[in-house]
Amino acid sequence: MDTNENIEAMEVIHIKAPSGLQFPDFKELNHRRDLLQSFVWRNLKSEYAQTVMGLFWAILQPVIQIAIFTVVFGKIAKISADGLPYILFASFGIIPWTYISSAMTGSIGSLVKEQHLLTKIYFPRLIFPLLPIFSRLVAFAVSLLILLFVAIYYQISPTWHLVLLPFFVIYMMIIALGPGMWLSTLAIRFRDVQHAMPFVIRMLMFMAPVVYPVTAIPEKYRLLYALNPIVGAIDGFRVCALGMNPDWMLIWPGAVTALITLVTGAIYFSKMEKIFADVV
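Residues numbered from 1 in each chain as written. Predicted model: local features only at pLDDT ≥ 70, side-chain atom pairs only at ≥ 80, totals over all residues. Heavy atoms only, no water.

1. Some details on the overall build of the protein
In step 1: Within the protein one finds 14 helices and zero strands.
In step 2: The order of α-helices and β-strands along the protein, N terminus first, is α-α-α-α-α-α-α-α-α-α-α-α-α-α.
In step 3: For the C-alpha atoms alone, the extent of the protein along its principal axes is close to 90 × 50 × 40 Å.
In step 4: When the 280 residues of the protein are sorted by exposure, 46% land in the buried category.
In step 5: In the protein, the proportion of contacts linking residues at least 24 apart, taken out of those at least 6 apart, comes to 84%.
In step 6: Of the roughly 15,600 Å² that the protein leaves accessible, carbon and sulfur atoms contribute 67%.
In step 7: Looking at the protein, you have 20 positive and 16 negative side-chain charges, and the mean spots of the two groups are 12 Å apart. (Helix = DSSP H or I, 4+ residues; strand = E, 2+ residues; numbered from the N terminus. Buried < 20%, exposed > 50% of the residue type's maximum accessible area, 1.4 Å probe, protein only. Contact = heavy atoms within 4.5 Å. Areas by Shrake-Rupley, 256 points an atom, 1.4 Å probe, with all protein chains shown as cover. Lys, Arg positive; Asp, Glu negative; His and termini not counted. Charge placed at Lys NZ, Arg CZ, Asp CG, Glu CD.)

See the structure below:
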């Protein structure tokens, strides 16, 4: 068989850019889950490397924030806490908010932070915005010790509502990941996104029931207020941990918003993924 016959016998594969709606290849992502795990471990080691207190920072930072908020909003401003001691109310709001804000900020800046890897080797780029979502869970789990101590001090007995807490943890992860996919993609092209994020995060804290209760919002505006998914996540986490029934009318509007943001963010991320290396 001569050379021409060999060429004709070879299989020809045509590679074309995908068209239409594109979703992340979750099958490929599952095959690379070991890479995601190693990156999460790398992030944890680099974040707490050469620190004296290590993971203790995950406790110290929210403790200081809780103390400041208790003095400023509980003692000086005397904001209502729905009949609860303000430090108890603040603790169960600040801990989930700290996770949401840090995971969202890290996810949004992930592509810019890891830009040196974008042009060197291929792997699912969705790993980048996912990294802070999972790595921040470790600090969140450690900071739950604060809530355990506060609950024991105020003699809060666990109830069956605790079974709902994993749902709210997943809810918080979705809240952070949706904007993370949208804005990390935009941040590659427009670095203004990273400069704006600290201001936006501070605004979001006061648009959610972190330092004030949902009852402070007039009832006629609560449905509109609940479209912010952070509202349902924090209020639901708080009331479940304290043994109360969550108000689902505050949860489902935000859940719809979070799912829409997640799906559209995944589509936009997948559509723009092919140009990351060119515009970084």
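2. Thoughts on the pattern of salt bridges
When the charged atoms of two side chains with opposite charge come close together, those side chains can pair.
In step 1: This structure, assessed with the given rule, holds one salt bridge.
In step 2: Close ionic contact of Arg42 with Glu114 constitutes a salt bridge, the shortest N to O distance being 2.5 Å. Of the two residues, Arg42 is situated in helix α3 (residues 33–48) and Glu114 in the loop between α6 (110–113) and α7 (115–118); the sequence distance between them amounts to 72 residues.
In step 3: According to the relative accessible area criterion, Arg42 is partly exposed, its value standing at 29%. (Salt bridge = Lys/Arg side-chain N within 4 Å of Asp/Glu carboxyl O.)

3. Details of the packing of aromatic side chains
In step 1: Applying the stated criterion across every chain yields a total of 10 aromatic pairs.
In step 2: Aromatic side chains Phe69 and Phe73 sit 5.3 Å apart centroid to centroid with 85° between the ring planes, which places their arrangement in the edge-to-face category. Remark: Phe73 and Phe69 occur in helix α4 (residues 57–76); sequence separation between them is four residues, near one turn of the helix.
In step 3: Judged by centre distance (5.5 Å) and plane angle (55°), the rings of Tyr99 and Phe140 are tilted. Of this pair, Tyr99 sits in helix α5 (residues 86–108) while Phe140 sits in helix α8 (residues 127–153); the two residues are 41 residues apart in sequence, bridging distant segments of the chain. Assigned by exposure class, Tyr99 and Phe140 land together as buried.
In step 4: Through successive ring pairs, a cluster of aromatic residues spans Phe167, Phe168, Tyr171 and Trp248.
In step 5: Arg238 extends its terminal NZ or CZ atom over the ring of Phe89, reaching a point 3.7 Å from the ring centre. (Phe/Tyr/Trp six-rings, centres within 6.5 Å; stacked < 30°, edge-to-face > 60°. Lys NZ or Arg CZ within 6 Å of the ring centre and 35° of its normal.)

4. Details of the confidence of the model for the protein
In step 1: Across the protein, pLDDT averages 87, with 90% of residues at or above 70.
In step 2: Within the protein, helix α1 (residues 3–9) has the poorest average pLDDT of any element, 51, and helix α11 (residues 222–226) the best, 96. (pLDDT = per-residue confidence, 0-100.)

5. Remarks on the environment of Pro62
In step 1: With respect to the helices, strands and loops of the structure, Pro62 is situated in helix α4.
In step 2: The spatial distance from the C-alpha of Pro62 to the C-alpha of Leu44 is 18 Å, given a sequence separation of 18 residues.
In step 3: Setting aside residues no more than four positions away along its own chain, Pro62 makes contact with Trp57, Ile95, Ser143 and Ile146.

6. Here we look at the side chain of Ser107
In step 1: Tracing the chain through its elements places Ser107 in helix α5.
In step 2: Under the relative-accessibility criterion, Ser107 is labelled buried at 0%.
In step 3: A distance of 2.9 Å separates a polar side-chain atom of Ser107 from the backbone oxygen of Pro129. (Polar contact = N/O pair within 3.5 Å; in protein donor to acceptor, adjacent residues only side chain to side chain.)

7. Examining unusual backbone geometry
In step 1: With a phi angle near 55°, Lys78 is a residue other than glycine that sits in the positive phi range.
In step 2: One can find Lys78 in the loop between α4 and α5.
In step 3: Taking the relative accessible area as the measure of exposure, Lys78 reaches 64% and is therefore exposed.
In step 4: Look at Asp82: it is not a glycine, yet its phi comes out positive at around 55°.
In step 5: Mapped onto the fold, Asp82 is located in the loop between α4 and α5.

8. Here's the deal with the environment of Trp97
In step 1: For Trp97, the position within the fold is in helix α5.
In step 2: A residue is classified by how much of its surface remains accessible, and Trp97, at 5% relative accessible area, is buried.
In step 3: Not counting residues up to four positions away in its chain, the partners in contact with Trp97 are Ile201, Leu204, Met205, Val210, Ile230 and Ile234.

9. What to know about the packing of α5 against helix α10 (residues 192–206)
In step 1: Interaxial distance between α5 and α10 falls to 11 Å at its minimum, and their mutual angle equals 165°. Overall, the two elements α5 and α10 adopt an arrangement that is roughly antiparallel. Relative to α10, the crossing made by α5 is right-handed. Here α5 contributes Trp97, Ser101, Met104, Thr105 and Ile108 to the contact with α10, which in turn contributes Val193, Met197, Ile201, Leu204 and Met205.
In step 2: Grouping the constituent residues of the contact of α5 with α10 by class yields eight nonpolar, two polar and no charged. (Axes fitted to C-alpha atoms, helices over the stretch in contact; angles between N-to-C directions. Parallel < 35°, antiparallel > 145°, perpendicular 65-115°, else oblique. Left-handed = near helix turned anticlockwise from the far one by under 90°. Nonpolar A, V, L, I, M, F, W, Y, C, P; charged D, E, K, R; others polar.)

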